[in-house]
Amino acid sequence: MTIRKIVEHPDPVLETECKIVNRFDKNLKKLVQDMFDTMYDAEGVGLAAPQIGIAERIAVVDVGDEKGQIVLINPVVKKTSGSQTGPEGCLSFPGLFGDVERPFEVTVTAQDESGKEFTIKANDFLARAILHEIDHLHGILFTSKVIAYYENEELEG
């Protein structure tokens, strides 16, 4: 179990367009496991490689539902529909939360840590988490999409 240091804003890697992953080896598998360990340790539901200082298109998500751990390497959003607005935070912006509008449903193609291609369809909170992480891989921060920020008192209630 290796916990990596989470990069915080304004580190420039967070606003970098990440490189496509071409090498699927034991180092990638170890990195993916480290990302899950780091995400769980920080009590997050998603983590993108740039958040640990690596500008590659790798993200992990686990919202605690029946889909479990999701590894997204070189993900591409194929289709979105609907709309939802809800609270988001980010491990790279500790203590900052705000409402963000995102599609309610998403279809994404990606590769797993072995390079196998797959398609995932998600809705509601899982769609939100997946889209948040894919944004990271393109240097897009949730703060650029916030409609309204929460005050600390609102979060404690």
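This one's a predicted model, so the numbers in the text were calculated from it and none came from an experiment. (Residues numbered from 1 in each chain as written. Predicted model: local features only at pLDDT ≥ 70, side-chain atom pairs only at ≥ 80, totals over all residues. Heavy atoms only, no water.)

Visitor: Looking at this model, I keep getting lost on the sheet that holds strand 1 (residues 46-48). Mind explaining?
Guide: Strand pairing within a sheet occurs via backbone hydrogen bonds; the two strands may be parallel or antiparallel. If you trace the five strands from one edge of the open sheet to the other, you get 1-2-3-6-7, paired in antiparallel fashion. Each edge of the open sheet is held by one strand with a lone partner, namely strand 1 and strand 7 (117-123). Taking the axes of each pair of neighbouring strands and ignoring which way they run, one obtains an average angle of 35 degrees across the sheet. Against the sheet, helix 1 (residues 26-41) contacts strand 1, strand 2 (58-61) and strand 3 (70-81), and its axis sits at roughly 45 degrees relative to strand 2. (Pairing = 2+ DSSP bridges. Helix = DSSP H or I, 4+ residues; strand = E, 2+ residues; numbered from the N terminus. Axes fitted to C-alpha atoms, helices over the stretch in contact; angles between N-to-C directions. Contact = heavy atoms within 4.5 Å.)

Visitor: For this particular structure, what's the right way to read the side chain of Asp135?
Guide: When you line up the elements, Asp135 lands in helix 2 (residues 124-137). Every residue in contact with Asp135, bar those within four places of it in the chain, is listed here: Arg102, Ile140 and Lys145.

Visitor: Could you clarify how one ought to interpret the pairing of strand 4 (residues 84-90) in this entry?
Guide: Each regular strand carries side chains that alternate between the two faces of the sheet. Pairing geometry for strand 4 and strand 5 (residues 93-102), over seven bridges, is antiparallel. The residue of strand 5 that forms the bridge with Gly89 is Phe97. Taken together, strand 4 and the strand that follows it, strand 5, pair antiparallel across an intervening segment of two residues.

Visitor: How do you make sense of the layout of surface pockets when you look at a structure like this?
Guide: Picture a little ball the size of a water molecule; that probe, rolled over the atoms, points out where space is still empty. The calculated volume of the largest pocket comes to roughly 400 Å³. As for the largest pocket, its lining consists of 17 residues, of which Val45, Glu88, Gly89, Cys90 and Phe97 are closest to the centre. Elements with a minimum of two residues in the lining of the largest pocket: strand 4, strand 5 and helix 2. Among the elements that line the lining of the largest pocket, the one with the most residues is helix 2, at five residues. For the lining of the largest pocket, the per-class residue count stands at eight nonpolar, five polar and four charged. (1 Å grid on protein atoms, 1.4 Å probe; cavity = no way out; pocket = protein on both sides within 12 Å on 5 of 7 lines; lining within 4 Å. Points joined across faces, edges and corners; volume = space filled by probe spheres on them. Nonpolar A, V, L, I, M, F, W, Y, C, P; charged D, E, K, R; others polar.)

Visitor: Looking at this structure, how should I read the nonpolar core?
Guide: One recurring pattern in soluble globular proteins: nonpolar side chains tend to sit buried together. Val61, Leu72, Leu126 and Ile130 are the most contacted members of the largest nonpolar core, which totals 19 residues. Elements with a minimum of two residues in this core: strand 2, strand 3, strand 6 (105-111), strand 7 and helix 2. By residue number, the principal contributor to this core is helix 2, which donates seven residues. Setting aside anything within four residues of it in sequence, one finds Leu72 in contact with Arg57, Ile58, Ala59, Val61, Ala110, Gln111, Phe118, Ile120 and Ile130. (Core = buried A, V, L, I, M, F, W, Y, C linked by side-chain atoms within 4.5 Å. Buried < 20%, exposed > 50% of the residue type's maximum accessible area, 1.4 Å probe, protein only.)

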